Amino acid sequence: MPVDRGLRAAGGDRRNRLFPALGGFLVAFLVLTAVIVLDNVIHPRSVVDQNRQPDSVSYSDGSTHYVAIFEERTLLGRDRHHEIFSGRDPSLSYGHGVRVDFTGTETLKFAAVDWVPDGVRIRFDSGHELFIPAGKFIGGR
């Protein structure tokens, strides 16, 4: 019995078009997934505002301490949050961090920073306040 080569050729052509399309879809999916993962993992970080402990206040570790506001954004700018960082490292690479997000606040800035023996009280230009106990940032934390 003769084989209908026309049907086989048509089926083969369909497969030859389908596999490259699936391959392209898979590559696009993997690239999109990688971009989303990197966007959520890598956060460009910048110092928005900072303050140094005055000489009139001292803590048990004898160090000078700093407090700063960092702003972190996702690479695509979809999300942004602020972290208040306190510690004795002037480069602000190590210490105690507190993540803060205030609704309706575009850029967070210090309105006042009060260094007291039991910690640091921060008032923001948004009207919010935050107190960080000294035990959280002395001793190299």
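Presented here is an overview of the structure given in this document. (Residues numbered from 1 in each chain as written. Predicted model: local features only at pLDDT ≥ 70, side-chain atom pairs only at ≥ 80, totals over all residues. Heavy atoms only, no water.)

1. As for the overall build of the protein
Stage number 1. Secondary structure assignment for the protein yields one helix and seven strands.
Stage number 2. The order of α-helices and β-strands along the protein, N terminus first, is α-β-β-β-β-β-β-β.
Stage number 3. Classification of the 141 residues of the protein by burial places 29% in the buried group.
Stage number 4. Intrachain contacts of the protein at a sequence separation of at least 6 include 44% that bridge at least 24 residues. (Helix = DSSP H or I, 4+ residues; strand = E, 2+ residues; numbered from the N terminus. Buried < 20%, exposed > 50% of the residue type's maximum accessible area, 1.4 Å probe, protein only. Contact = heavy atoms within 4.5 Å.)

2. Details of the environment of Ile-84
Stage number 1. Within the secondary structure layout, Ile-84 lies in strand S3 (residues 80-87).
Stage number 2. The exposure class of Ile-84 is buried, given its relative accessible area of 0%.
Stage number 3. It is 9.5 Å that separates the C-alpha atoms of Ile-84 and Ile-122, two residues lying 38 residues apart in sequence.
Stage number 4. Non-local contacts of Ile-84, meaning those with residues more than four positions away in its chain, are made with Val-67, Ala-68, Ile-69, His-96, Gly-97, Val-98, Val-100, Leu-108, Ile-122, Phe-124, Leu-130 and Ile-132.

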